[in-house]
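Breakdown of the fold
Residues per chain, in single letters:
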Amino acid sequence: MSTEKQGSEGLFQPRPIKSAQLFERAARVIPGGVNSPVRAFRAVGGTPRFITRAQGATLWDADGNRYIDYIGSWGPMILGHGHPAVIDAVTKAAHEGLSFGAPTEREIELAEEIVKLVPSMQQVRLVSSGTEAAMSALRLARGVTGRSKFVKFEGCYHGHADALLVKAGSGLATFGHPTSAGVPPEAAQHTVVLEYNNLAQLEEAFALHGRELACVIIEPIAGNMNFVRASVPFMQRLRELCTANGALLVFDEVMTGFRVALGGAQSLYAQAIPDFAPDMSVFGKVIGGGMPLAAFGGSRAVMEQLAPLGPVYQAGTLSGNPVATACGLATLREIQQPGFFDALATRTRELVVGLLDAARGVGVPMCGDSEGGMFGFFFTRSFDDPLPQNYRAVMNTDKERFNRFFHAMLERGVYFAPALYEAGFVSAAHTAVDVCRTVESARDVLA
Ligand code: KE4
């Protein structure tokens, strides 16, 4: 008899005994028992599941429970876990050498692939995390413009560099406040935080600071507010204001890049806005295929301001790591297969439509959206509530119902992101049966 619990077939998962024991043991030697806070389930409560292995769209935890995985390592696993072409590439690369600290041809191949797929970039620098990429892009924007101030948006997350861990000040004339202890006020003093999709605030901020801004950094589809799109008029005006004021427009596509479309979110805005392109872009997650790899890029003129050519310093021992680049390259090659994104987007849309139909069928107000392999859903207060357009609206949705839903689905073997403000991800390995089981479980849970 298999030890695997077919929870997604409606059998309730046994209590996570082994995970609880591991969590207790972990907390003795790792702060909070995790190496990244969101994994600790603090937003939803309960015991985080300690995962032992994964294959395709499935995770197994230490108690032998199996889950349909809609986190996908927070985005990287777009092919599903254990894709043979990726595993082969990583295995071969590992045998050739784990790290050299010297240039390799594969870094050139990956950089060539990225700039081929993202025509707004002529050059790209590879790094090891999205935080490092966003931090470096900010430094480069400041170095290129000679300006210190910049704009970010409430609800957008760009990694944990000091200047980016900032929340809105009391007004547009005042600067942000640190969201974390240990970030000195002077590190936040140049950060202007605006409300996402708020055109009036954008105009006012540029009227006040326009010629002092190094850049505006934005998640074009905000996956750190679950799933909120920047409206086309907002994005068009943002592009115009950046251009008019000499500020660089930086697209943080760590989550959306190669996830919502082959060309990222910027390719979607370029369809709606003539000649649209950001000045710099930040990538991560999918481009590493699950290994530590991220990147930032832009025009040659901007990027050649980086060391060793230019005055803006940036470096990394494991940047362009040969095993990580093999993983990323194999992943990027697979997602270019004909029809890949059409199939992924269709599967993802089936999931969201199914969930919303299930909720409506039992009288539960719910809204959701998806693009490519990324999705989000919200439990609203009424059926008339629109999709949230900013952080305040997201936080006004029904968190308590979300948290109950999360745990009830987890018990049924469906693993959504353990936080109201996180996006979800579908991979090429998710099947129609996975979606059907998920929707049926949701109908049970919400009834
Ligand atoms: P990393 O440093 O975690 O690789 O990337 C930071 C980052 C930058 N930009 C965007 C748009 C991001 O979403 C992220 C990281 N995303 C989170 C999930 N919301 C990673 C999960 C975690 O923090 O453990």
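Read on for a plain summary of the structure. This one's a predicted model, so the numbers in the text were calculated from it and none came from an experiment.

**What to know about the packing of aromatic side chains**
- Throughout the structure, instances matching the rule amount to 22 aromatic pairs.
- With 5.1 Å between their ring centres and 40° between their planes, Phe 258 and Phe 283 make a pair best called tilted. In this pair, Phe 258 is assigned in the loop between strand S12 (248-252) and helix H8 (264-272) and Phe 283 in strand S13 (residues 280-283), connecting sequence segments 25 residues apart. With respect to class, Phe 258 is no different from Phe 283; both count as buried.
- Summarising the aromatic geometry, the rings of Phe 379 and Phe 405 are spaced 5.1 Å apart at their centres and angled 70° between planes, so their arrangement reads as edge-to-face.

**Remarks on the packing of helix H3 (residues 105-117) against helix H10 (residues 322-334)**
- Their axes nearest at 9 Å, the elements H3 and H10 cross at an angle of 35°. Crossing angle aside, the handedness with which H3 passes H10 is left-handed. On the side of H3, the interface is formed by Arg 106, Glu 107, Glu 109, Leu 110, Glu 113 and Ile 114, while H10 contributes Pro 322, Val 323, Thr 325, Ala 326, Gly 328, Leu 329, Leu 332 and Arg 333.

**Comments concerning the sheet that holds strand S18 (residues 424-425)**
- One open sheet accounts for three strands, arranged S15-S16-S18; its pairing is antiparallel. On the outer flanks of this sheet lie strand S15 (366-371) and S18, each paired with one strand and no other.
- Here six bridges tie S15 to strand S16 (residues 374-379), and the two strands are oriented antiparallel to one another. Of the residues in S16, the one forming a bridge with Gly 368 is Phe 377.
- Packed on one face of the sheet, helix H11 (residues 340-361) meets S15 and S16 and runs near 175° to S15.

**Quick look at the sheet that holds strand S4 (residues 123-127)**
- Read across the sheet, seven strands follow the order S4-S14-S13-S12-S9-S5-S8 without closing on themselves; strand pairing throughout is mixed. Each having just a single partner strand, S4 and strand S8 (191-194) make up the two edges of the open sheet. Recorded for the sheet is a direction-independent mean angle of 20° between the axes of neighbouring strands.
- Strand direction decides the pairing type here: strand S9 (residues 213-218) and S12, joined by four bridges, are parallel. The partner of Val 216 across the bridge, within S12, is Leu 249.
- Its contacts with the sheet put helix H4 (residues 130-145) on S4, strand S5 (149-153), S9, S12, S13 and strand S14 (294-298), and the angle it makes with S13 is roughly 165°.

**Digging into the side chain of Asn 321**
- With respect to the helices and strands, the residue Asn 321 is situated in the loop between helix H9 (300-303) and H10.
- Side-chain polar atoms of Asn 321 contact the backbone nitrogen of Val 323, separated by 2.9 Å.
- Discounting residues that sit within four places of it in the chain, Asn 321 has contacts with Leu 98 and Ser 99.

**Remarks on the site of the ligand**
- Near the ligand lie 16 residues; those nearest to it are Ser 36, Thr 131, Asn 224, Asp 252 and Glu 422.
- At 2.5 Å, a side-chain N or O of Asn 224 approaches a nitrogen atom of the ligand.
- Here a nitrogen atom of the ligand and a side-chain polar atom of Asp 252 are 2.8 Å apart.
- Considering the ligand on its own, with 540 Å² of exposed area, one finds that the protein chains cover 85% of that surface.

**Topic: the environment of Gly 46**
- With respect to the element layout, Gly 46 can be found in the loop between helix H1 (17-29) and strand S1 (51-55).
- Among the residues examined, Gly 46 registers a relative accessible area of 53% and is labelled exposed.
- In contact with Gly 46, other than residues within four places in its own chain, are Ala 40, Phe 41 and His 407.

**Let's talk about the pairing of S8**
- Because side chains alternate across S8, one face comprises the buried residues Thr 191 and Val 193, and the other comprises Val 192 and Leu 194, equally buried.
- Note that S5 and S8 share four bridges and pair parallel. Opposite Phe 153, over in S8, you have Leu 194 as the bridge partner.

**Quick word on the side chain of Asp 69**
- With respect to the secondary-structure elements, Asp 69 resides in strand S3 (residues 66-69).
- At a separation of 3.0 Å, a polar atom in the side chain of Asp 69 contacts the main-chain amide nitrogen of Gly 72.
- Not counting chain neighbours up to four residues away, the residues in contact with Asp 69 comprise Ala 57, Leu 59, His 81, Tyr 415, Phe 425 and His 430.

**Focus on the state of the cysteines**
- According to the stated counting rule, one finds zero disulfides in the structure shown.
- The thiol sulfur of Cys 242 is not disulfide-bonded, and the nearest other cysteine sulfur, from Cys 215, lies at 8.2 Å.
- Taking relative accessible area as the criterion, Cys 242 reaches 0% and is therefore assigned buried.

Conventions and cut-offs
Position numbers for residues start from 1 in each chain and track the written sequence from start to end. Predicted model: local features are reported for residues with pLDDT of at least 70 only, side-chain atom pairs are reported and counted for 80 or more only, and whole-chain, interface and lining totals are derived from all residues. Only heavy atoms go into the side-chain values, all of them from the structure, while hydrogens and water stay out. A pair of Phe, Tyr and Trp rings is counted when the ring centres sit within 6.5 Å of each other, with Trp represented by its six-membered ring. The angle between the planes then sorts it: under 30 degrees is stacked, over 60 is edge-to-face, the rest tilted. Numbering of helices and strands runs from the N terminus; a helix is a DSSP stretch of H or I covering at least four residues, while a strand is a stretch of E covering at least two. Three labels apply to residues, based on accessible area from a 1.4 Å probe with only protein chains included: buried if under 20% of the type maximum, exposed if over 50%, partly exposed otherwise in between. Axis angles are defined between N-to-C directions and span 0 to 180 degrees, where every axis is a line fitted to C-alpha atoms and, for a helix, only to the segment in contact. Definitions for this section: a left-handed crossing has its near helix turned counterclockwise from the far helix by less than a right angle. A right-handed crossing has that turn clockwise. We call two residues in contact whenever any of their non-hydrogen atoms come within 4.5 Å of each other. Strand pairing is defined by DSSP finding a minimum of two bridges between the two strands. Pairs of N or O atoms within 3.5 Å make up the polar contacts considered here, provided that, within protein, one atom can donate a hydrogen while the other can accept it, and that residues adjacent in sequence are counted only when both atoms are side-chain atoms. The cutoff for a nearby residue is simple: one of its non-hydrogen atoms must lie within 4 Å of the molecule or strand. Residue burial considers only the protein chains on display, and all accessible areas are found by Shrake-Rupley using a 1.4 Å probe. Throughout, a disulfide means two cysteine sulfur atoms within 2.5 Å of one another.

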